Amino acid sequence: MNNIYLSHNNIVSAYGFDSASAVDSIKNEVSGLSLVDDSKILPNPFYSSLIPQNNLSKAFQKLNPQEDYTRLEQILLVSLANTLKESGLELTDRVGLIVSTTKGNIDVLDADSLFDENRAYLSELGNKIKTFFRF
């Protein structure tokens, strides 16, 4: 029988970049909603639990990226980096990675996207993650 390891989880959300922050905020009845005033998203201001881009950029830059990544790729890389660090597991033989998303990387389909449309495919997202962490 093969050994299977289930390690840590991680939540990247408007509450922060780790699961403890999300759980603590929810437990303390702190709202993750904030006013979003971005006409690229909607013409009128609205409340959402959108992750602030400046916070995401700061967290992502700590990973010393060597190329440009989409917003979703940045979120996944920040989340996975934290999970790998906290798990303490050495990734030696094989690494299985399951990526699940309701929206995917569809921002690359926007007319003004700087990224190739192929980045919308989950297989490409998996490849970006694999390459970044050298799996």
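Residues numbered from 1 in each chain as written. Predicted model: local features only at pLDDT ≥ 70, side-chain atom pairs only at ≥ 80, totals over all residues. Heavy atoms only, no water.

Engineer: Explain the pattern of salt bridges residue by residue, including any values.
Structural biologist: According to the stated counting rule, one finds 2 salt bridges in the structure shown. Between Lys 128 and Glu 67 there is a salt bridge; the shortest N-O distance is 2.8 Å. Pair noted here: Lys 128 is in helix α4 (residues 122-133) and Glu 67 is in the loop between α2 (53-61) and α3 (71-87), with a separation of 61 residues, a long-range link. Classification of Glu 67 by relative accessible area gives partly exposed; the value is 36%. Glu 73 serves as the salt-bridge partner of Arg 119, at 2.7 Å between the closest nitrogen and oxygen. Of this pair, Arg 119 sits in the loop between α3 and α4 while Glu 73 sits in helix α3, placing them 46 residues apart in sequence. (Salt bridge = Lys/Arg side-chain N within 4 Å of Asp/Glu carboxyl O. Helix = DSSP H or I, 4+ residues; strand = E, 2+ residues; numbered from the N terminus. Buried < 20%, exposed > 50% of the residue type's maximum accessible area, 1.4 Å probe, protein only.)

Engineer: Please provide a residue-by-residue account of the environment of Asp 116, values included.
Structural biologist: If you trace the backbone, Asp 116 turns up in the loop between α3 and α4. Within the local environment of Asp 116, its side chain forms a polar contact with the backbone nitrogen of Asn 118, the two atoms lying 2.6 Å apart. (Polar contact = N/O pair within 3.5 Å; in protein donor to acceptor, adjacent residues only side chain to side chain.)

Engineer: Describe the packing of aromatic side chains, listing the residues and the values that go with them.
Structural biologist: The full count for this structure, using the stated rule, is 4 aromatic pairs. Between Phe 60 and Tyr 69, the aromatic rings sit 5.5 Å apart at their centres with planes inclined by 75°, giving edge-to-face as the arrangement. Each member of the pair, Phe 60 as well as Tyr 69, is classed as buried. Ring centres of Phe 132 and Phe 133 lie 5.0 Å apart, and the angle between their planes is 75°; this geometry places the pair in the edge-to-face category. Take Phe 132: its relative accessible area is 15%, and that puts it in the buried class. The rings of Phe 60, Tyr 69, Phe 132 and Phe 133 are connected pair by pair, giving a single aromatic cluster. (Phe/Tyr/Trp six-rings, centres within 6.5 Å; stacked < 30°, edge-to-face > 60°.)

Engineer: So what's going on with a nonpolar patch on the surface? Residues and values would help.
Structural biologist: A grouping of Leu 89, Leu 91, Val 95, Leu 97 and Phe 135 is seen on the molecular surface, where their side chains present a nonpolar patch of about 380 Å² in accessible area. For Leu 89, a relative accessible area of 38% gives the class partly exposed. (Patch = residues over 30% accessible without salt bridge, like charges linked within 9 Å, V, L, I, M, F, W, Y side chains within 5 Å. Areas by Shrake-Rupley, 256 points an atom, 1.4 Å probe, with all protein chains shown as cover.)

Engineer: Give a description of α4 that names residues and reports values.
Structural biologist: For α4, built from 12 residues, the straight-helix expectation of 16 Å at 1.5 Å per residue is met to within 8% by its first-to-last C-alpha distance of 17 Å. Here the buried face of α4 lies against α3. Of the residues one or two after α4, Arg 134 is the one with positive phi, at around 60°. (Expected span 1.5 Å × (residues − 1). Contact = heavy atoms within 4.5 Å.)

Engineer: Can you lay out the side chain of Ser 48 for me, pointing to particular residues and giving the numbers?
Structural biologist: On the secondary structure map, Ser 48 appears in strand β2 (residues 46-48). Polar contacts involving the side chain of Ser 48 include one to the main-chain amide nitrogen of Leu 50, which spans 3.4 Å.

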